[in-house]
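Architecture at a glance
As a plain string of letters, each chain reads:
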Amino acid sequence: FVLMMASDGKNHYERCFDLSEPSWVSSSLTPTDPAGLRAYGEGMAKWLEMFWFPTQRRKQPTLSFSIVDCTNICIKSVSCPLETKSFDDTWRNTISTALKKIEVEDLGDMDATELQESIPEEDSDGRGMKDLLALQKKLSVRVVFCNKHVLLVGQKTKLQKKCFVLRNMLSHYHWRLSGKDVSFGSMTGKS
C-alpha cells in the first residue's frame, strides 16, 4: 500500500494485488510452478480488466483500476474515506468475491504469440479477431495469449458448456500454423 502526496496537497492512495501469489489461486486449479502461477495470475487479471473494471469504474468514479506487470491489479484513489487497513481489506475482499467463480483453463502450448498474430482482424467466415472479441463479450470468457500458452478464463460452467465456438476458432488457427505445406508430388510420391 502506498500513500503519496500530490502537488495539489491531497493524499493519493495506491494498492496493488499480485494475482500470481498462491493465496489467489483457486483450489481446483493449483499450479505450483512459478510460470504456472504467473500464467494463472495473468489470466485472472485480464478477465478482471475486461469484465470487472468497467463496472467498478462506473460504481467508483474517484478510483482508477489498472494492470501492472501482467499480474498486478492496482487501485488508485485521489482521496480515501477509509483508513489504510480498511481500504486494503475492502478491496482484497471485493476482488476475491469477483474471482470466486472464475477459473483459468490452460489449453496448452499453442505458440500463443504466433497464433494471435495469425488471426486476421476480419474474416468472412466469422473467425477473425473482431469475432473472437464479440464471442468473449457474449460468453463473459476471456481468451488470454500468455507466452506460449493460450488460456480460457471464465465461469467453470461456461468453460465446460459454452466455449465450443471459441475452442474451434483457436484450434482452426493452431492447426493452420502447425500444418505442413505438402505438395502433390511429395504427397503421392510422384515428382
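Going by the structure above, here's the rest.
Residues numbered from 1 in each chain as written. Predicted model: local features only at pLDDT ≥ 70, side-chain atom pairs only at ≥ 80, totals over all residues. Heavy atoms only, no water.

**Considerations on the side chain of R142**
- In this fold, R142 is placed in strand β6 (residues 142-146).
- Buried and without a salt bridge, R142 has E49 as its closest oppositely charged side chain, separated by 4.2 Å.
- Ignoring any residue separated from it by four or fewer positions in sequence, one finds R142 in contact with K46, W47, E49, M50, F51, Q136, L151, L152 and V153. (Helix = DSSP H or I, 4+ residues; strand = E, 2+ residues; numbered from the N terminus. Buried < 20%, exposed > 50% of the residue type's maximum accessible area, 1.4 Å probe, protein only. Lys, Arg positive; Asp, Glu negative; His and termini not counted. Salt bridge = Lys/Arg side-chain N within 4 Å of Asp/Glu carboxyl O. Contact = heavy atoms within 4.5 Å.)

**Concerning the packing of aromatic side chains**
- Within the structure shown, the criterion is met by 6 aromatic pairs.
- Ring centres 5.6 Å apart and planes at 45° place the aromatic pair W47 and F51 in the tilted group. Of this pair, W47 and F51 both sit in helix α1 (residues 34-59), 4 residues apart, which is roughly one turn of the helix.
- On the basis of relative accessible area, W47 is assigned to the buried category, the value being 10%.
- A connected cluster of aromatic rings, assembled from ring pairs, spans W52, F53, F65 and W91.
- Above the face of the F17 ring, R15 is positioned so that its terminal group lies 4.3 Å from the ring centre. (Phe/Tyr/Trp six-rings, centres within 6.5 Å; stacked < 30°, edge-to-face > 60°. Lys NZ or Arg CZ within 6 Å of the ring centre and 35° of its normal.)

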